[in-house]
Every structure is written in C-alpha cells, then in structure tokens.
Amino acid sequence: MSRTKLWLLWSIAAPSVACTQGDDSTSASEGTSQGVSVTTSATEDATTSGTTGPSTSSTTDPGETTGEPVDPPPEPSGNALDQNTLFMCVGAPALPPADLRLLDGREWYRGVGSDAKSQLRNVPLYPLPNHRYSSYGDGDNIDPSVLSFYLDVVNNAGVSWTIGKYNAGALRTVHEDPETQCFLKDVAPSAECTRYFARRFLERGAIFRPASDDQVDALVMLAQAELDEEVDVSARSATIRTIASAAWMTSGALFRPEMGAGQPDEHGRLRLSDWELAQAIAHALSRAPAGAPSVKLAGGGSVYSPGTVDGDLPEFLGAAESGEIKDPEVVAALVRKYIGGLDEERFDARLDPGYHENRGEYWMAAGVVAFFREWLDYGYLAELSPKVEVSATSQWSGSTVELSYHNTINGSKGRENTLITQLDDMIARILTADTNVFTELLTSRMFYTPATAGYQQGESSIYKSTAEMNRVYNVQQVTPQTREARWIELPAQERAGVLTHPAWLAAHALAFENDPNLVHRGKWIREELLCQDIPPLPLNVDAMLSEESQQQSARQRISEQLDAKPECAACHQYMNPLGYPFEIYNHAGFVRIEDHGAAPDGSSLLVDMPSPELNGPITSAVDLSQRLGASPYAKRCFIRQTFRYFAGREERMYDACTLAAMEEAYDASGGSFTELLIALFNSDSFQYRTPQ
Amino acid sequence: MITRRRLLTSSALLAGGALLAGPFTSRRGHAADSYPRRVVIFIEGNGVRPECVLDPLTRQTLESIAGKPIASNRDYGHTEPVITTNAPLAEARSLGALAAQGQELSLVERSALVLGLSATQVGGGHSSNFGALSASKALGGAPSATIDAILAAIPEVRAMTPFDALRVGAATSTTPFNYRSCAFAKGKPAPILIQPAATFSNYFGAVASGVAADSYLQRKRHLEYALEDVDRELKAFSGSSKGHAKLSGYYESIAQMLDRHEQLIAMKGALLAVKPTEPGELDPDPYLTVDPLEALVLQTEIAAAALLAGLTNVAVISIGSGDGYWGNEYPSLAALYPGKAVIGGHDLRHSGSPDALNVLHEVTSIGVGQLARIARALADRPEPGGTMLDNTILLYISDNGEKHHSNAEEWATLLVGGDNLGFKTDGRSVAYPRSGQPNNRQTSNLFNTLLHSVGAPTDDFGHLGAEQTRVAKGPLAELWG
C-alpha cells in the first residue's frame, strides 16, 4: 500500500466500522494526534486528552511564546492546531530548525541523470511512513539495510555519465561541455583535466552547489588512483562509474542542507544561503535539484529532457550564483516560469512512464503533481486491492466494462493513460487557468477522459480491455483519439471536481460497492479538507459490519449499525455525514443508477461543522463539493496542506504570518495557486532557520 | 562523535548498548554457558486465529472445564493455567506441518502451544505494529526496542555473528522495506526486508557469483571513501542537532557495513556451504514471483541458510505484519477464495465468511510450515549440546492477537525447539485463563521467558511509564524452567 501516506491509510482504515468488541485504535494512531481535545493549552501535550470530537483547537505550540528554539517531539500533527488562530499574524517570528534533508528517490534519480522509467527509480530513499508528505525531512536516516541497497543501486548509476553522445541516456552535462572531453578521451588526463572533471561531477552531478576544496581534493585523489590502475582508456567508463559511486556516497550528495548562513537576525535566525534557498525552491517545485542533467530521451532523434549543458532549471543556478535569489521578484519569476502551463509536446511527461502524446496539453511541475497526488491520496491507486464487480449498481455491466476499468487502473493495454494521470491532467488544466483554483478543484466538470476510438471490437485485438474505458465517467459515446475529444464536460448532476473523479473515489474505497467506502471518504474530507483529526477508536469496539447485512446498501448497513449506536456515532458523526453524499457512486467511481433496490441516495445533513457555511442539508457529492469549494474554512485547510508539502513539514503556530500572507496573496490574485506558492517561498517560514 | 573504534568495541551495534547497562548484565540464565543461543520469531500480520491452531484434545479439555463450546477466549472457564500433555498438535487445522512426513522429523514432541496470552495494553485492531514485539503500545512510532533488538544486543546471543539480526518478510509494498514491527530503540524502526532478491544480496552478496561478486568487492572502497567524507563533515558541522544526528547515523551505518564486510569475507567458506539459490540462477527465476507466499518460501530459505552459516542468531520472519498484509493477494490459494475471486488482504479479512477464514487458516498453515522447515534444518545440524534446534527457540505469533479488528486478548503462540534454553517444548499445550482473570498471562511474560532463557533474565519486559499494564511479572513457569 501507499508509502507517503501509510499513516493516513492506517487511520483511514480505522473507522471501517462498528462496535461491540475489537479495536482499530492502534491503526488510527500512527502519525496522527491521538484523541485530540478541544483545549487551549500551549503545549503539544494538550492534544492528548482522549476526548471525542475532531481536533480544532490548541492555540499555541512550543516555541511560540518564548521565541526560544526548542526540540519538540517529531512532527506533531498540524491538525491539532486551531485553524482560525493559525491565520492570525501577530508578528511572532517563524522559527523552523536548521536541518539536513535526505534526498528522496525522485530527487536522487533525477540528480544522477535518470528518470522514472529506469531501474534507478528503485533507489531505496523512501519517505518515513509516519510522514504526512514525502517532502518531510524530520527524522530521516540511512540505516545499514538502506545503505546496503543504496550501494547496490549506486554501483550501477554512474553509467549515465559514460553513455555515448549518440545514445539515449546521454547527458548534455557530459557531452556539451568541451572541458570534460579530455577526461573522457585522453589516455592520461592531466591533473588540471582531472580536477575539472571532479569538480564538474560534484557540482553538476552530485551535490549541486559549489564544492569545497576538500570535497574536490578527495575525489581527485580517488580518480587519480583509478586512472593509475587503468590498463588503457577503454577502462575509463569503469573509472567514471567508480568516481560517480564514491561521490554519490558522500553526505553532500545525500543530504541537502537548510542550515542558514551569515549573521543571525534579532530572533537568532539565519537566512538560508543563496544556494540553499535556490535548491530548496527547486526541489519543492520540481522534485529535482537545479542542475539535474538534461538527458537524451529514448525514441530516436536528438530530443533531450529540459535543460542546458548546466542542467535543468539553469536560471536557479544563475540566481544562486549572483545572489539574486534573495530578491522576491526573482523568486516570483522563477516560480511562474517553472510551475507549469500549456505544452503541446508535454516534455515533462517524457521522463515518466506512460504515453505523453496522449496526455492533456497542460503540465505541472513534478513537485506540484506530487503534492496533489499525496494530498488527495490517489497516486497509489494501482497498488490498492483490486475492485470487485466494478460496475455494480451502475448502468454498465459485462466483462468488457470490468476489464476496461482495470486497464484504466494499471494501464497495461493500449496507449491511453491511467485514471491517475487523467486526474493529474484535470488538475493541470485548472492550475494553468490559475483562477479560483481551490473552488475550481472542487467544482470543475471538465474531465480528461480516455479515448476509445480504435479500441473497439473489430478495431483492436485488445478491445475487451479498452473498448469501454470511459464508462467509469459515464460516457456513452466512442471518444476519438484527440485531446479535444478527451476533454469532456460531464453532466452537472453527476460530477463536480476532484472528489467526484473516479481516481479519488476508487482510491478511497474498498473492494465491494457496499463496503464502508463512505466512511473512508468522509474521514479523508474531515482530516485533509477540514484539517481536523478523528479520535482513534477505543478498545472493545469491533469495527466490522455484520455478515448478515451483506445484501444491504452501504447506507443501510452503516446507518443501522453505526449511526444508530451512540458508542459508534460518537466518532462516526465526524465522518459519515461527509461520506453519505458519495453513495451516488459505487466503490470504483461509477455513477449508480440504483442501490439495492432503491434509488441512489446522496443525501446528508451536516451539523456542528467547524464553520457555519458548511452546515445544512446536502443532496449529493456534487452539492457537497460545491459547498466545500465555496467555504473559506476549507480553503484555509487547502492553504495549510500546500504549506505542509512545499515547506516540507507540519505547520506550527509560529507560521501564522506566513499562512496569513499566503491567504492574502491567494485572495488578492483571484485564487492563484502560483501566487500562493510565491508567497510561501518568499516567507520567513521558508527562508529562515534557527540554529540548535 | 561516535568513532569507528567505539563501534568496533561495542557488542551492541545498534541500540542495545544502553540496554545492556540495565538488568541484563552479568546475570545468568538457563542456557549452558558455552552453547549458542538463538531465537527465531515468525510474526503473522493481522491475527493468528486460535481456532486454527487449537488441537482436538486441548479443545475438548477446555470445553469440558467451560461447560460449553469454545468460540473464543471469552468462553474459557478455567481460572488456573491448563496444561494438556501429549496434545495432538499436528491435528490442528494449521499445525499439520509439525507432523512427520516420510523421513522428516516429527516436531510435535518438540513443540508447545500457548493459549490465553493477552496484550490488550498494546491494542489490537489491524495491527499492534511495534507493540506486538515490544509489549508496549505503539502510538506514533516505536515506543522502545522490540524483543528482537533486545535479544540481538545480548553478547551471549550475538556472539561473533556479523548481523545483529535478520529481519525479512513477505508483504505487498511499494518499497523493499517494512518499518512497522521491529525497532532498535524508541523512534528507531528496524527495517524488515520484503524482497527476497534484496535479502539475498544483503546476507549472501559476499559469495554471489559473477558481476554481483565484483560489485560486492567494489562496495568496500565506496564505504571507506564515504566514511572519510562523513568524518570530515562531522568535524566541521555545527548549528543543527537534527542535522548532526543524521550525519552521525549515516556514519554509524557506514562503519557497521565496513565491519560486516570484513567479517563476511572471512566467513566465505561457511557461506558458500549453505548459499541459497541466487537470483537469476534458475529459469524461471523464483525471485521474480509476485505471490507473497512464494516470496515467504524464499525468505525462509535465506533465513535458514543465514542461521546455519552463523550470520546471525536472531531472526524475525514477518508474514504481512504491520500494514504488510493489507494488499496481499495469494494467487496460489485462488481455489480457496470465496467465489475463487482473489481479493486484497484487508478485504479478505473483512469478509469473515467461512471460505475467507479458510484462506487465512491456510496462510497460517504455510507460515507454520516454513517455521517447521527451519526447525528441521536446524535439527539436522549437530553442535555443542546436541543440534542447532536444541539451542534455538522458534516462535510463531501474531502481530495483533486473535483476528482482524482484534481485542488483543488472545495471542495464540507456537513454540518449537529450545531444549537447551530450558523450554518445555514437549508436545504440551498451555492455556492461561482469559483476559481479565488474575491468572491470565501476557505476551510480556513470554518475552520475559525468552530473556531468561538466553541468560538475560528480566521480569518486566517492555513496561514503560508508571501505568500498571502488567497482570504479573516474570517468565512463564508452565513453559520454561
């Protein structure tokens, strides 16, 4: 199951259902605050009283009142903090601690000059399972087991620096730099040549910032030893691989510093150095270092991934070198250029599995893609247990629908992309428009759907796995293989936004249509769209729906077995009302036309919500999405989620001025996600660190 | 800063150093001084259902005392431990592998079944995660070192083995690691390796053939280079305690790898004598399997070889522990699934139907079969005191108690071997009174027993804080002594 949000799955699993003996409490626990209370204590401990009810409130956290750096427990849940207070800037300084960040897998394989299609994607640099987002760095470590695997991978990674310039995988950094050629070709490279290559490798292939003389000296010494052992120049590629492996083993290549430099300010903080800041923004946006090699793509021709001889995001390198990265306008310009937009060629997608030519024409930076996949938690849909009877209760039936659906999950047949990338593309379109982004995310009816023309019976031998790929969107017609045709505005009564997208619906559901899918969906909304934690279930609560009820609808099962029992409803009142609206869909995301003999029922009543605009009756998930999309409270949670992923940590009370500035930037720009990120990247929360 | 010399002189390479300063030092347990001491723990994710390990005689005995059928531990009527000697353990649904097949050794008379152990303080639910092997509730991460790490840090257990412990398993995951069940110390999870090819590389890479062998030798140079680099960085590093901890941790890992590298090279002969099939050696390559049960077989093969070669004296073999069972599908058991439709592990466990339970009982059968496989391999190898099995105690235990969404009231456990460690594994079953009774016993007592048996007696393993969570202290007298 998924990795970045394993803790979330854990807690989502918890409320599966109901109540006499048994317990899901430990499942609900990891990485979330436990039994959060409604208190106003100034300590993290204030979040542990065990009362029921979603968390909304401790108002402060360590470090806020004194301004002194403290060493708190690892990443307490930001959801335990009161949201209204979090957006009140009273002038308290942001005090994030100085730290080193261990690279994650994507950052590493892009840095070494590879892509997601390579075996190098298996590099064992995984986020910790208790981290909400993969970008978090708290507690990173390389234990001996991880190191053992890393050695296996790193031994083979240097080949990217030895590939001939006419072959796929060749790096511009190597072949378009005239000064590296002597080291590639000379029988006995000069000392000057070797030193240049070593520095070049460190700065454009390993650490992506100026190398110290010590670092260069050490690598030169190793390189010279390897050169001395060469029989002839044909052994040079082996020498380069050894140099590369050694360099990638260094701490500078594995850990990205966010230490700060210069003189401390009045709060004792250091501002990130120019290189630290440039790379922090580059990593947040692109999940790769500025300077990551531009790679010659497979498929013939001379098409490279973005970048110059100095690698990708070259303007970041220049801004770091000149110091201009400190200028907020420079940051803004870099973000605007690299956050995404319109690209008919979809160069970005060429580095990932799939068929870029069939993707939508809008792209997002890799970091933005990762954020949405992790926040909405649909990125690991293909790893979830397969759905059974995928079209049950919908207007569709038959083995072709079943097989076509599974093909939209795993993408094994044909050249259409998967549900995951279809949701990516939908979001990219909204972000490219960059207006009222949060509302659009929850209300847009423009979905990027799979083409089915050319995949019908008589047209293709794989038609049984492709002909009805668009049925999960309730699309009747055969869709031509054009981008224009794939974009379909779905009916207003059926879909509205990402929470009604089949990818999200399936990612938050179990195997059967009348499983407690609504609990999972409701819990996600409570925790990730309203930023409130759900208390864990206590011991002696049996989270099982009865076997006798397996012929009933999920609504009936849950209303009778959970809502009707006070001991269950105490917690499920925070999830189920938010989940019932999704009963107009089945577990796989198909629109229902019936539900165990009755009409589909998405009605619900929201009471005691954290903000009054959310209260009231709901008719369906479409209605709910529109209400959430118009809610200032839910919008603020979205801003908090954005902060979490791109700052790489849970928010703290001392981030209030940053959150307030992000909201102001978003509102003033008419709901621009780009301006939201610019405000974050230019904030003290992002740019300052407290030495400890 | 931790120096390499300090690491080399420490017998507790990971978190055990501090633990050894406690009650474990200089105390004698049951094991003869000169005999090796080994512990192998099979841990099955999401419940070992008691009904599948309950033999007919024990059931009959307990039901006669209760005066009613036993559906769960809550039906137990006894208030004192009930010992059933000569229990026909192999007649239990999932313990058939204990019986002799052909020329194989019968393990029935070398085993003991334990019922009635509780651990409600660690929670149940889907998994108790680290709580299962630490006997402490795991909220937000590892609460303390788990029993495997504690055992591995005991000098008499560790002896001269290069690996503190072997931790492998079978699970569906997007990464090669499972970080949910084992921990070196509080907040320091220990990875369980879930890809057999990676396990082979980790433990037998030193004697791999071809390119893999060259790569292994190349590792040493890279490690030495990295060690110097990190040492240099640490000397100049200041301003971040968090960053310093990360660099120090990396330094420790490199140093350990170098030490181990030297040891493994020196053990080449012993490794070659038991080396399992290499990845890529056979066609079709079993290492390419996607069936977690087939992966389990490979992991067991490597684990057995590691024990025989002396690579470690502590092993944990996970069968979907933590979250590892969640997505597990068992295609080799497709015929047993309800409607023959293979579904994910969580959904399967949610079903609760007789057919679904039969699949889960078969998973337990296969797990016990792998335990029996190791036990027999150890029994075939003579060593001081008899055979390796005499000096090895093997456990089969759940990671959350009795079922999916458990109460953690019943942790049915199988023990095999360990005669020289003092275990009464003589074909008996021991049923403790149900949870809540004064004479109920807990998994913490079982872990106390393990520690006593290897010469590091402790009577309150895993008890953290002031809260009273223990029914009783000390080992289980009905099973050891």
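S.K.: Would you explain the overall build of chain B in this entry?
M.R.: A count of helices and strands for chain B gives 14 helices and 14 strands. The burial tally for chain B puts 63% of its 481 residues in the buried class. Summarising the internal contacts of chain B: among those between residues at least 6 apart in sequence, 74% fall at separations of at least 24. Accessible surface for chain B amounts to roughly 15700 Å². Of this, 53% is attributable to carbon and sulfur atoms.

S.K.: Is there a simple way to think about the side chain of A:Thr393 in this case?
M.R.: Residues and elements named next belong to chain A. Note that Thr393 resides in the loop between helix 14 (366-376) and helix 15 (399-410). A polar contact of 3.0 Å, which involves the side chain of Thr393, links it to the side chain of Arg592. When residues no more than four places from it in sequence are discounted, the contact partners of Thr393 are Glu513, Asn586, Val591, Arg592, Ile593 and Glu594.

S.K.: Is there a simple way to explain helix 14 (residues 443-453) of chain B in this structure?
M.R.: Side chains of residues three or four places apart in an α-helix project in the same direction, reflecting 3.6 residues per turn. Residue and element names in this part refer to chain B. Extensive coverage of helix 14 is indicated by the burial of 11 of its 11 residues. Within helix 14, burial applies to Thr443, Ser444, Asn445, Leu446, Phe447, Asn448, Thr449, Leu450, Leu451, His452 and Ser453. In the segment just after helix 14, Gly455 is the residue with positive phi, at about 95°.

S.K.: When you look at the pattern of salt bridges in this model, what are you seeing that I'm missing?
M.R.: Two side chains carrying opposite charge are able to pair once their charged atoms lie near each other. Residue and element names in this part refer to chain A. Counting across every chain of the model gives 61 salt bridges over all chains. Note that Arg689 is salt-bridged to Glu258, the shortest N-O span being 2.7 Å. Of this pair, Arg689 sits in strand 10 (residues 688-689) while Glu258 sits in strand 2 (residues 255-258); the two residues are 431 residues apart in sequence, bridging distant segments of the chain. In this structure Arg689 comes out as buried when scored by relative accessible area, which is 5%.

S.K.: Looking at this model, I keep getting lost on the packing of helix 12 (residues 314-322) of chain A against helix 13 (residues 328-338) of chain A. Mind explaining?
M.R.: Working note: a packed helix pair is described by the angle between its axes plus the distance between those axes. Residues and elements named next belong to chain A. Running from amino to carboxyl end, helix 12 crosses helix 13 at an angle of 170°, the nearest separation of the two axes being 10 Å. Judged by the angle between their axes, helix 12 and helix 13 are roughly antiparallel. When helix 12 is examined against helix 13, the residues Pro314, Glu315, Phe316 and Ala319 are found in contact with a partner set consisting of Val330, Leu334, Lys337 and Tyr338. A breakdown of the residues in the contact of helix 12 with helix 13 according to their chemical character gives 6 nonpolar, no polar and 2 charged.

S.K.: Help me out: how do you make sense of the packing of aromatic side chains in this one?
M.R.: Any pair of aromatic rings gets described here by the distance separating the centres and the angle formed by the planes. Residue and element names in this part refer to chain A. Applying the stated rule across the entire model yields 43 aromatic pairs over all chains. Arranged with centres 5.3 Å apart and planes meeting at 50°, the rings of Phe201 and Trp248 form a pair that is tilted. Here Trp248 lies in helix 9 (residues 236-249) and Phe201 lies in helix 7 (residues 191-206), a separation of 47 residues in the sequence. Accessibility classification places Phe201 together with Trp248 in one group, the buried group. Taking the centre distance of 5.4 Å and the plane angle of 75° together, the rings of Trp504 and Trp524 count as edge-to-face. With Trp504 in helix 19 (residues 502-507) and Trp524 in helix 20 (residues 517-529), this residue pair connects regions lying 20 residues apart in the sequence. Note that Arg172 overlies the ring of Tyr304, its terminal NZ or CZ placed 4.4 Å from the centroid. A cation over a ring is seen here: Arg429 above Trp487, with NZ or CZ 4.5 Å from the ring centre.

S.K.: Teacher, can you tell me more about the nonpolar core here?
M.R.: When a protein is soluble and globular, its nonpolar side chains tend to lie buried together. If you look at the biggest cluster of nonpolar residues, it comprises 148 residues, and the most contacted ones within it are A:Trp108, A:Leu147, A:Tyr150, A:Trp248, B:Phe204, B:Tyr250 and B:Leu311. Not counting residues within four places of it along the chain, the set of residues in contact with A:Trp248 comprises A:Val112, A:Tyr150, A:Val154, A:Ala157, A:Gly158, A:Trp161, A:Phe201, A:Gly205, A:Ala206, A:Ala253 and A:Leu254.

S.K.: Help me out: how do you make sense of the interface of chain A and chain B in this one?
M.R.: Accessible area lost during the coming together of the parts is what is often quoted as the interface size. At the junction of the two partners, chain A supplies 82 residues and chain B supplies 79 residues. Of the roughly 6500 Å² buried where chain A meets chain B, counting both sides, 56% is carbon and sulfur surface. Taken together, the links from chain A to chain B amount to 4 salt bridges. Between A:Asp140 and B:Lys246 there is a salt bridge whose closest N-O contact spans 3.9 Å. One can count 19 residue pairs in polar contact (both at pLDDT 80 or more) joining chain A with chain B. Looking at the side of chain A that touches chain B, the elements that each hand over two or more residues are helix 1 (6-13), strand 1 (99-102), helix 4 (144-157), helix 8 (213-229), helix 9 and helix 10 (251-254) of chain A. With 9 residues, helix 4 of chain A is the largest single contributor of residues to the side of chain A that touches chain B. A per-class count over the side of chain A that touches chain B returns 38 nonpolar, 26 polar and 18 charged.

S.K.: Honestly, helix 15 of chain A in this entry has me stumped. Any pointers?
M.R.: All names here are of chain A. For helix 15, built from 12 residues, the straight-helix expectation of 16 Å at 1.5 Å per residue is met to within 8% by its first-to-last C-alpha distance of 16 Å. Residues of helix 15 that are buried include every one of Thr400, Val401, Ser404, Tyr405, Asn407, Thr408 and Ile409, and no others. Gly411 occupies a position one or two residues after helix 15 and carries a positive phi of about 60°.

S.K.: I keep staring at the confidence of the model for chain B and nothing clicks. Help me out?
M.R.: Where the model shows low pLDDT, its predicted coordinates should not be examined in detail. Mean pLDDT over chain B: 89, with 92% of residues reaching 70 or higher. Throughout residues 1-29 of chain B the model reports pLDDT below 50, and contacts reaching past four residues in sequence, or to other chains, amount to 54 contacts.

S.K.: In this structure, what is going on with the packing of helix 11 (residues 274-286) of chain A against helix 12 of chain A? I would like to understand it.
M.R.: Residue and element names in this part refer to chain A. The N-to-C vectors of helix 11 and helix 12 enclose an angle of 160°; their axes lie 8 Å apart at closest approach. Between helix 11 and helix 12, the crossing angle belongs to the class labelled roughly antiparallel. Every pair of crossing elements has a handedness; the one defined by helix 11 and helix 12 is right-handed. Here Asp274, Trp275, Ala278, Gln279, Ile281, Ala282 and Leu285 of helix 11 come into contact with helix 12, specifically with Phe316, Leu317, Ala320 and Glu321. Here the contact of helix 11 with helix 12 is composed, by residue class, of 8 nonpolar, 1 polar and 2 charged.

Cut-off values and rules
Residues numbered from 1 in each chain as written. Chains lettered and ligands numbered in written order. Predicted model: local features only at pLDDT ≥ 70, side-chain atom pairs only at ≥ 80, totals over all residues. Heavy atoms only, no water. Helix = DSSP H or I, 4+ residues; strand = E, 2+ residues; numbered from the N terminus. Buried < 20%, exposed > 50% of the residue type's maximum accessible area, 1.4 Å probe, protein only. Contact = heavy atoms within 4.5 Å. Areas by Shrake-Rupley, 256 points an atom, 1.4 Å probe, with all protein chains shown as cover. Polar contact = N/O pair within 3.5 Å; in protein donor to acceptor, adjacent residues only side chain to side chain. Salt bridge = Lys/Arg side-chain N within 4 Å of Asp/Glu carboxyl O. Axes fitted to C-alpha atoms, helices over the stretch in contact; angles between N-to-C directions. Parallel < 35°, antiparallel > 145°, perpendicular 65-115°, else oblique. Nonpolar A, V, L, I, M, F, W, Y, C, P; charged D, E, K, R; others polar. Phe/Tyr/Trp six-rings, centres within 6.5 Å; stacked < 30°, edge-to-face > 60°. Lys NZ or Arg CZ within 6 Å of the ring centre and 35° of its normal. Core = buried A, V, L, I, M, F, W, Y, C linked by side-chain atoms within 4.5 Å. Buried area = accessible area lost by both parts, 1.4 Å probe. Expected span 1.5 Å × (residues − 1). pLDDT = per-residue confidence, 0-100. Left-handed = near helix turned anticlockwise from the far one by under 90°.

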